[in-house]
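Structural overview
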Amino acid sequence: MSMLWMGLALTVGGQLPPDGVAQLQKVDAVMPHLRRLAEDPEVVRAIRAQNARHTPLATIQQHDAEWMATPALTPFKQRVLDAPCTGALRRLRERLGSAVAEAFTMDDQGALVCASRRTSDYWQGDEPKWRLTYAGGRGGPVLREAPFFDESSQAYVIQVSLPVRDGAQVIGALTVGLSLLDL
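Residues numbered from 1 in each chain as written. Predicted model: local features only at pLDDT ≥ 70, side-chain atom pairs only at ≥ 80, totals over all residues. Heavy atoms only, no water.

**Some words on unusual backbone geometry**
Glycine aside, a negative phi is what most residues show, and trans is what most peptide bonds show. The backbone of H54 shows a phi angle near 50°, a positive value even though the residue is not glycine. Within the secondary structure layout, H54 lies in the loop between helix 3 (41-52) and helix 4 (57-69). Residue A135 is not a glycine yet carries a positive backbone phi of 50°. Within the element layout of this structure, A135 appears in the loop between helix 7 (128-134) and strand 3 (143-144). (Helix = DSSP H or I, 4+ residues; strand = E, 2+ residues; numbered from the N terminus.)

Written out as structure tokens, the structure reads:
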């Protein structure tokens, strides 16, 4: 087990299920699947298309406020859930099963492009999962956030985020929430 994982496991060990350290090791085993998803042509095309729209940040933040204020499945939320790259997210879920609690992609401003299920908010641009992996268009390292109990999926999850590239250019990010109990 890498020193990073060991430190993470010791830090949050009291919050993990009894086999938490072993589950963290299983996260490493699914990383090739997550890297392939970040390179999937369907994901790249969808993010590239959304970036080309050049939506003003104020509009994105307005969508975000409406998203959070309305718990119902609105037409806008449904468009995100039906976006062109949801097929790639669905294929990941088919390969990994219930280990995938959620998956979503973000554009060059942190706005959702597609999602496997409703998220708590639309704009991820103020969160480490986007800021550290998109890294101002430079692309950062893979981010493995601390495991936590996710109320919406009723599972212990760890979110793993990766930059999405179109060739050498970083165009967005991908986050996959993995259910530690289902790995």
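**Some details on empty space enclosed by the protein**
Considering all chains together, one arrives at one cavity of 30 Å³ or more under this definition. Its boundaries defined by the atoms lining it, the largest cavity holds a volume of some 30 Å³. Lining the largest cavity, in full, are Q50, N51, H54, T55, D107, D108 and Q109. For the lining of the largest cavity, a count of residues per class yields no nonpolar, five polar and two charged. (1 Å grid on protein atoms, 1.4 Å probe; cavity = no way out; pocket = protein on both sides within 12 Å on 5 of 7 lines; lining within 4 Å. Points joined across faces, edges and corners; volume = space filled by probe spheres on them. Nonpolar A, V, L, I, M, F, W, Y, C, P; charged D, E, K, R; others polar.)

**Digging into the pairing of strand 1 (residues 100-106)**
A large share of strand 1 lies buried, amounting to seven of its seven residues. Where strand 1 and strand 6 (residues 169-179) come together, six bridges link them in antiparallel fashion. Note on strand 6: the bridge partner recorded for F104 is T175. Pairing geometry for strand 1 and strand 2 (residues 112-115), over three bridges, is antiparallel. By the bridge assignment for strand 2, M106 is matched with L112. Where strand 1 folds back on strand 2, the antiparallel hairpin that results is connected by five residues, among which G110 adopts a positive phi of roughly 90°. (Buried < 20%, exposed > 50% of the residue type's maximum accessible area, 1.4 Å probe, protein only. Pairing = 2+ DSSP bridges.)

**Considering the nonpolar core**
Among the nonpolar cores identified, the biggest contains 31 residues, and L34, L37, V164, L174, V176 and L178 are the most heavily contacted of them. It is helix 2 (residues 20-39) that provides the largest number of residues to this core, a total of seven residues. Residues within four places of V164 in sequence aside, it is in contact with A38, V43, V44, I47, Q169, V170, I171, G172, A173 and L174. Of all hydrophobic cores here, the second largest spans 16 residues; its members include W67, M106, A115 and Y122. (Core = buried A, V, L, I, M, F, W, Y, C linked by side-chain atoms within 4.5 Å. Contact = heavy atoms within 4.5 Å.)

**Some points on the pattern of salt bridges**
If you walk through the whole model with that rule in mind, you get six salt bridges. In this structure, E42 and R91 form a salt bridge, with 2.7 Å as the shortest nitrogen-oxygen distance. Taken as a pair, E42 in helix 3 and R91 in helix 6 (residues 86-96) lie far apart in primary sequence, 49 residues in all. Look at R91 and you get partly exposed, because its relative accessible area is 33%. (Salt bridge = Lys/Arg side-chain N within 4 Å of Asp/Glu carboxyl O.)

**Remarks on the packing of aromatic side chains**
In total, this model carries five aromatic pairs according to the counting rule given. Measuring from ring centre to ring centre gives 6.0 Å for W67 and F76, while their planes differ by 90°; the resulting arrangement is edge-to-face. F76 carries the same exposure label as W67, and that label is buried. On the numbers, 5.3 Å between centres and 70° between planes, the contact of F149 with Y156 is edge-to-face. An aromatic cluster of at least three residues, connected via ring pairs, comprises W67, F76 and Y122. (Phe/Tyr/Trp six-rings, centres within 6.5 Å; stacked < 30°, edge-to-face > 60°.)

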